[in-house]
Amino acid sequence: MSQGSLTRRSLARWRRPAAAAPSLDGVRSVLRHYRVELLWLVFAAVNYAAMIAWPDWETIPFHFVWISLTLVYGFRVWPLRPTLVVLAGVVAMTGLSIGLDAFRGIQLWGELCEVPLMAAMFVAMVWHARRRVEALEIAEHRAEERRSLLERQERFVHDASHELRTPMTIARGHLELLRAHGLQASEVDVALDELGRIDAILARLLLLANADQPDFVQTAAIDLESLLEDVFMRWAEVAPRSWRLGELAAGQLVVDVERLRSALDALLENAVKYSLPQSGIEVRARPGGPGCVAIEIEDEGCGVPEQALARIFDRFARADSARTRAAGGVGLGLAIVDAIAKAHGGVCTVQSKPGGSIFALCLPNFTPAAVTEPVAPAPPEVSW
Ligand SMILES: Nc1ncnc2c1ncn2[C@@H]1O[C@H](COP(=O)(O)OP(=O)(O)OP(=O)(O)O)[C@@H](O)[C@H]1O
Ligand SMILES: [Mg+2]
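Every value quoted in this text rests on a predicted model; they were computed, and no experiment measured them. Positions within a chain are numbered from 1, following the residues in the order the chain's sequence is written. Here chains are named by letter from A upward and ligands by number from 1 upward, in the order in which they appear as written. At least 70 in pLDDT is required for a residue's local features to be given in this predicted model, at least 80 for side-chain atom pairs to be given and counted, and no such filter applies to totals for whole chains, interfaces and linings, which use all residues. The side-chain quantities take in all heavy atoms of the structure and omit both hydrogens and water.

K.L.:
Mind laying out the sheet that holds strand E3 (residues 251-255), listing which residues take part and the relevant values?
P.N.:
Across the sheet, which stays open at both edges, the 3 strands sit in the order E1-E3-E8 with antiparallel pairing between neighbours. Looking at the sheet topology across the chains shown, the edges are occupied by strand E1 (220-223) and strand E8 (366-368). The average angle at which neighbouring strand axes cross in this sheet is 20°, direction not considered. Bridge count for E3 against E8 is 3 bridges, and the pairing is antiparallel. What sits directly across from glycine 251, in E8, is proline 368. Contacts were defined at the residue level, with two residues in contact if any of their heavy atoms lie within 4.5 Å. To get an axis, fit a line to the C-alpha atoms, keeping to the stretch in contact for a helix; angles then go from 0 to 180 degrees between the N-to-C directions. Where helices and strands are cited, they refer to DSSP runs of H or I of at least four residues and of E of at least two residues respectively, numbered from the N terminus. Packing against the sheet, helix H8 (residues 224-238) makes contact with E1, E3 and E8, and its axis sits at approximately 65° to E1. At least two DSSP bridges between two strands are required for those strands to pair.

Right, dumping it as structure tokens:
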């Protein structure tokens, strides 16, 4: 082994690796990214060539260069330094061409005024475009802030509800122990009732806080008719109202059945809570657009006042706080129905009528059952 090769090899260890050659994909992506600018560059170069080739007509390609530059800037807002460089370049090139032709007597000297005028038009466009970009950035920043605030609120509600459940369960346990040991004070019953109410509220708050989670709904295909019949029977047995089971659209609905039951329970609970005994409640389901079904619950209760319609789906919203408090509601039932409907890609709507209200839960992913044509009876056989 020669001394020279040894030295070269040892030197090679210290040599900086050669810069990687730009890959074809990299070049392609840069070209794709700057395609608007490149197209404009080609267009401007062609027009500049035309200015030089036909000096008598040069004001036409001159205007094309400036107008196209202004249009391009409307699509792409470059940083300030490249913008100034491009502006200076176009001013110099077009000014030089017109100035030389004016010097040679082909153009009027007055045409040279077009250069600062066009530059002023472009600067005005730059100002507008930059203002628009700044406004967009501010709006995006605010939206991001609002999103993160909402996320923090959701997390807080979730954590607080979760943390409150443990001490509340312990308190309930102690009260139940006291009752089991013979303490029959009515205060214990009241305290147990109130703790039960808090527990129900916390469970609902936890459910709402989880509504944005991807696993909030676990869907499967169910037979809608039998589910509605089942829910209807359960309620008709416990609440003394004039119950009616209306027309039920037959078919398969892809849905989280437990969540749907909770939503229907919340709607039926309201129908019962805000109506008098013996007043009517009807449950029905009809096809509501392609691939959708509308499950409707109509009651003959007090109805929702017009001014409250827009907000009753908000959390803790109550149309009439005095009456609702007396009925024991906190205003979370419809927020849950709304969250469940949205998690399925559906919506819940309300319609108030003089003697009651109609709540419609509209859900997608409904496949109506195939309509079977009634078989015409065979003509009687006639024998002669
Ligand atoms: N069927 C209905 N008839 C009349 N008003 C209704 C009906 N359903 C809801 N409302 C009004 O909408 C408000 C919000 O209903 P929601 O179910 O969210 O809360 P709530 O029933 O008061 O309490 P919660 O359901 O949490 O126990 C109610 O307070 C009530 O004023
Ligand atoms: Mg309710």
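K.L.:
Can you lay out the sheet that holds strand E5 (residues 293-299) for me, pointing to particular residues and giving the numbers?
P.N.:
Sheet strands pair via backbone hydrogen bonds, and the direction of the pair is either parallel or antiparallel. One open sheet accounts for 5 strands, arranged E2-E4-E5-E7-E6; its pairing is mixed. Only two strands of the sheet have a single neighbouring strand rather than two, namely strand E2 (242-248) and strand E6 (347-353). Going across the sheet, the axis of each strand differs from the next one's by a mean of 15°, ignoring polarity. Bridge analysis of strand E4 (residues 280-287) against E5 gives 7 bridges, and the strand direction is antiparallel. If you follow isoleucine 281 over to E5, its bridge partner there is aspartate 299. On the sheet, helix H9 (residues 257-273) packs against E2, E4, E5, E6 and strand E7 (356-363) and is oriented at approximately 25° with respect to E5.

K.L.:
Which residues make up the environment of tryptophan 57, and what values do they have?
P.N.:
Considering the arrangement of structural elements, one finds tryptophan 57 in the loop between helix H3 (35-53) and helix H4 (59-75). Assessed through its relative accessible area of 59%, tryptophan 57 is described here as exposed. Between the C-alpha atoms of tryptophan 57 and glutamine 107, which are 50 residues apart in sequence, the distance is 9.2 Å. Each residue is assigned to one of three classes by its accessible area relative to the maximum for its type, calculated with a 1.4 Å probe on protein chains only: buried under 20%, partly exposed between the two thresholds, exposed over 50%.

K.L.:
Got a sec to walk through the packing of aromatic side chains? Specific residues and values, please.
P.N.:
Each Phe, Tyr or Trp ring, with Trp reduced to its six-membered ring, pairs with another whose centre is within 6.5 Å; inter-plane angles below 30 degrees give stacked pairs, above 60 give edge-to-face pairs, and intermediate values give tilted ones. Tallying each qualifying case throughout the model produces 5 aromatic pairs. Among the aromatic residues, ring-to-ring pairing joins Tyr73, Trp78 and Phe122 into one connected group. Criterion for a charge above a ring: Lys NZ or Arg CZ within 6 Å of the ring centre, and within 35 degrees of the ring normal. Directly above the ring of tryptophan 127 sits arginine 131, whose terminal nitrogen or CZ lies 4.8 Å from the centroid.

K.L.:
How would you sum up the side chain of serine 357? Please name residues and give values.
P.N.:
When you line up the elements, serine 357 lands in strand E7. Ignoring anything within four residues of it in the chain, the contact list for serine 357 reads Ile297, Glu298, Asp299, Gly303, Val304, Gln351 and Ser352.

K.L.:
How would you summarise the packing of helix H5 (residues 80-103) against helix H6 (residues 114-180) if you had to cite specific residues and measurements?
P.N.:
Relative to each other, H5 and H6 sit at 165°, their axes nearing to 10 Å. On the basis of the axis angle, H5 is roughly antiparallel to H6. The element H5 and its partner H6 pack so that their crossing is right-handed. The residues of H6 that touch H5, namely those facing Leu80, Thr83, Leu87, Val91, Thr94 and Gly95, are Val115, Ala119, Phe122, Val123, Val126 and Arg130. Throughout, the ten residues Ala, Val, Leu, Ile, Met, Phe, Trp, Tyr, Cys and Pro are labelled nonpolar, Asp, Glu, Lys and Arg are labelled charged, and all others, Gly among them, are labelled polar. Across the contact of H5 with H6, the residue classes break down as 8 nonpolar, 3 polar and 1 charged. We call two directions roughly parallel when the angle between them is under 35 degrees, roughly antiparallel when it is over 145, roughly perpendicular when it lies between 65 and 115, and oblique otherwise. Crossing handedness: left-handed means the near helix sits turned counterclockwise from the far one by under a right angle, and right-handed means the same turn made clockwise.

K.L.:
Explain the pairing of E3 to me, using residue names and the numbers behind them.
P.N.:
Only one face of E3 is covered, namely the face carrying Gly251, Leu253 and Val255; the face carrying Gln252 and Val254 is uncovered. The sheet contact formed by E1 and E3 spans 4 bridges and is antiparallel. Paired with aspartate 223 across the bridge in E3 is glutamine 252.

K.L.:
Let's hear about the side chain of arginine 241: which residues, and what values?
P.N.:
Considering the arrangement of structural elements, one finds arginine 241 in the loop between H8 and E2. In contact with arginine 241, other than residues within four places in its own chain, are Val272, Ser275, Leu276, Pro277, Gln278, Ser279 and Ile281.

K.L.:
Report on the nonpolar core, specifying residues and quantitative values.
P.N.:
Throughout, nonpolar core names a set of buried Ala, Val, Leu, Ile, Met, Phe, Trp, Tyr and Cys residues whose side chains join them through atoms within 4.5 Å. Counting 53 residues, the largest nonpolar core has Leu253, Leu260, Leu264, Ile295 and Leu361 as its most contacted members. The element that contributes the greatest number of residues to this core is H9, accounting for 8 residues. Start and end positions for the domains come from either an automated domain assignment or a database one. In terms of domain composition, this core takes at least three residues from each of domain 2 (150-209) and domain 3 (220-368). Beyond its immediate chain neighbours, meaning those up to four positions away, leucine 253 contacts Ala220, Ala221, Ile222, Leu224, Leu260, Val293, Leu363, Pro364, Asn365 and Phe366. Ranked by size, the runner-up nonpolar core spans 20 residues in total, among them Trp66, Tyr73, Trp78 and Val90.

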